Amino acid sequence: MLQYSFSTVYMAILAGSILAILIAVAFLNWNIMANAGSNLLAVIVVVAILRLLFPYEFPFAVNVIPPQTISKALTAIQSTRMYIRGFRVSYWGIFELIWVCGIIVKLILGTRNCFHSRNYILKYGTDATDMPRYKEPLDHICTCYDKENIFSVVELRGLDIPSLFYFRKPYILIPKDIAITPGQLQYILRHEALHYFHHDHFIKLAVRLFSYIYWWNPICILLQKQANLLLEMSIDRRLVHENPAATKEYADCLLYMHKQALASASEAPGYLKKDSTFLLHARNSDLKKRCIMLFHDTSPGKKAAVTFLLTAMTVSVYLVSHLYTLEAYYCPPELTETTIVLSPDNTYIVQLNTGVYKIYLTDMLLETVTCLDFYPKGIKIYNAEGELIDET
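Please read all numbers here as calculations on a predicted model, not as lab measurements.

**Student:** Just to check I follow, could you spell out the overall build of the protein chain for this structure?
**Tutor:** Scanning the protein chain from terminus to terminus reveals 14 helices and 14 strands. Per-residue burial for the protein chain yields a buried fraction of 44% across its 392 residues. Just so you have it, the protein chain exposes about 21300 Å², and 62% of that area is on carbon and sulfur atoms.

This is how it looks when you write it as structure tokens:
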């Protein structure tokens, strides 16, 4: 039978936090980030979200009592501090309330920013979808990948570098009046199209939802930045893999876009560049890192090793969080002097024919109950005739 309690919830939170730290720390190394790939990032984030959405304890789980200091802290967190209009108030209850309110606020702000971004694009952008300069190369790119060309191209003043925005349909955003060659435009359009073909907007959504859920965890800020860089690097890798001879030419294109971005003053609102969930927008500071990684060797053996190691660690964290539950147990010293602890040495139970149990401490009747679920194991049970029939 599945059980839900304070212990099972914080085990789910602990597992999700460990996975977030695992990704963030591992991706501080560019080599690991490049070899991991965006698909593995998506898997780890989804596993972390699912663990939090399923904070239950299975019957086979083993309860582990943590050290006294940790037990004392956990007990203090969940202990009742007061009652307000009949409602139990504890530190944990206050944290839950603030946590849920924070998630709701994040979701509202994120949704609002998506609509604001779309409205800004439609209001201030120029629809350039049917311009031959964009339509012909996009048609060719989609044909190469056996995809339908459903992209809308929008020229937007104030945007520093090209981006992909997804809201019901993909929008490729191009800075207004940017000076680029047809070859550079081909790389830009292919890069943004590959973001859509590989569903990077949904991967970013998963990471964003994870950061909304764990909004109080500062590691999620770092994770979001790393996820954006990883998505860009994954597309860079795919482009270079398709045409290795074009590596230098593509790197020159990235550096040129970096210089253009530094020279132009961005007039677009902050929510369009940073806070929009479905906007795939690289930071200028990341362009140099991406160029470096283009010339860095990533052999299939390294990629397989990194994938296996991170996957194994993710599965291990997930399974251990279900197999073991940290169950806090702490009794204040001032209560232990007057508290009676039942044990097989000082307690026995008499079962009546009516299914009722009488609990005796030595020879003193303590209480009469109908269920023995919460009594210590090993206490002997006798029938009305005094015969031993079972034990708890």
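**Student:** What's the story with the nonpolar core in this structure? I'm lost.
**Tutor:** Generally speaking, soluble globular proteins have nonpolar side chains that are buried together. Within the largest apolar cluster, 48 residues are counted, with the highest numbers of intra-cluster contacts made by F27, L41, V45, F210 and L310. When residues of this core are traced back to their parent elements, those giving at least two are α1 (6-26), α2 (30-36), α3 (38-53), α5 (91-124), α8 (200-213), α9 (219-242) and α13 (300-323). Examining the composition of this core, we find that 13 residues originate from one element, α1, more than from any other. In terms of nonpolar packing, the next biggest core, distinct from the first, is built from 32 residues, Y166, I172, I180 and F197 among them.

**Student:** Even after reading the chapter, I still don't get empty space enclosed by the protein, so can you show me in this structure?
**Tutor:** Take a probe with the size of a water molecule and roll it over the atoms, and the empty space left behind shows itself. If you walk through the whole model with that rule in mind, you get three cavities of 30 Å³ or more. As a volume, the second largest cavity reaches approximately 40 Å³. If you trace the second largest cavity, you find it lined by A34, M233, D236, R237, R290, M293 and L294. Those elements that place two or more of their residues in the lining of the second largest cavity are α9 and α12 (284-294). A breakdown of the residues in the lining of the second largest cavity according to their chemical character gives four nonpolar, no polar and three charged.

**Student:** So what exactly am I meant to see when it comes to α5 here?
**Tutor:** Along an α-helix, residues three or four apart share an orientation, since each turn contains 3.6 residues. Between its first and last C-alpha atoms α5 spans 48 Å; for 34 residues at 1.5 Å apiece the expected length is 50 Å, and the two agree. Those residues of α5 that sit buried are W92, W99, G102, I103, G110, N113, C114, S117, Y120 and I121.

**Student:** How should the pattern of salt bridges be read in this particular structure?
**Tutor:** As a working rule, side chains carrying opposite charge can pair if their charged atoms are close by. Inspection of every chain in the model, using the stated rule, returns three salt bridges. For the salt bridge of E155 with K176, the shortest nitrogen-to-oxygen distance reads 3.5 Å. Highlighted residues: E155 in strand β5 (residues 152-156) and K176 in the loop between β7 (170-175) and α7 (182-197), separated in sequence by 21 residues. Assessed through its relative accessible area of 10%, E155 is described here as buried. Between K248 and D252 there is a salt bridge whose closest N-O contact spans 3.2 Å. With K248 and D252 both in helix α10 (residues 247-263), this residue pair falls four residues apart, about one helical turn. On the accessibility criterion, K248 (55% relative accessible area) is exposed. A relative accessible area of 38% means that D252 is categorised as partly exposed.

**Student:** What exactly am I supposed to notice about the sheet that holds strand β11 (residues 357-361) here?
**Tutor:** Backbone-to-backbone hydrogen bonds join strands into a sheet, with any given pair of strands oriented parallel or antiparallel. Taken together, the five strands give an open sheet; going across it, the order is β12-β11-β10-β13-β14, and neighbouring strands pair in mixed fashion. Of all the strands in the sheet, just β12 (364-369) and β14 (388-391) have a single pairing partner and so form its edges. When strand polarity is set aside, the average angle formed by the axes of neighbouring strands in this sheet is 30°. Two strands pair when backbone bridges link them, and strand β10 (residues 347-351) and β11 are joined in this way by five bridges, in the antiparallel orientation. Directly across from Q351, in β11, lies its bridge partner Y357.

**Student:** Looking at this structure, how should I read α1?
**Tutor:** Helix length check: α1 (21 residues) gives 30 Å between terminal C-alpha atoms against 30 Å at 1.5 Å per residue, within 8%. With 17 of its 21 residues buried, α1 lies for the most part within the structure.

**Student:** How should the environment of H322 be read in this particular structure?
**Tutor:** Residue placement: H322 occurs in helix α13. It is 6.5 Å that separates the C-alpha atoms of H322 and E57, two residues lying 265 residues apart in sequence. Look past the residues within four positions of H322 in its chain and what remains in contact with it is R51, F54, Y56, F58, F60 and A61.

Conventions we followed
- Residues numbered from 1 in each chain as written.
- Predicted model: local features only at pLDDT ≥ 70, side-chain atom pairs only at ≥ 80, totals over all residues.
- Heavy atoms only, no water.
- Helix = DSSP H or I, 4+ residues; strand = E, 2+ residues; numbered from the N terminus.
- Buried < 20%, exposed > 50% of the residue type's maximum accessible area, 1.4 Å probe, protein only.
- Areas by Shrake-Rupley, 256 points an atom, 1.4 Å probe, with all protein chains shown as cover.
- Core = buried A, V, L, I, M, F, W, Y, C linked by side-chain atoms within 4.5 Å.
- 1 Å grid on protein atoms, 1.4 Å probe; cavity = no way out; pocket = protein on both sides within 12 Å on 5 of 7 lines; lining within 4 Å.
- Points joined across faces, edges and corners; volume = space filled by probe spheres on them.
- Nonpolar A, V, L, I, M, F, W, Y, C, P; charged D, E, K, R; others polar.
- Expected span 1.5 Å × (residues − 1).
- Salt bridge = Lys/Arg side-chain N within 4 Å of Asp/Glu carboxyl O.
- Pairing = 2+ DSSP bridges.
- Axes fitted to C-alpha atoms, helices over the stretch in contact; angles between N-to-C directions.
- Contact = heavy atoms within 4.5 Å.

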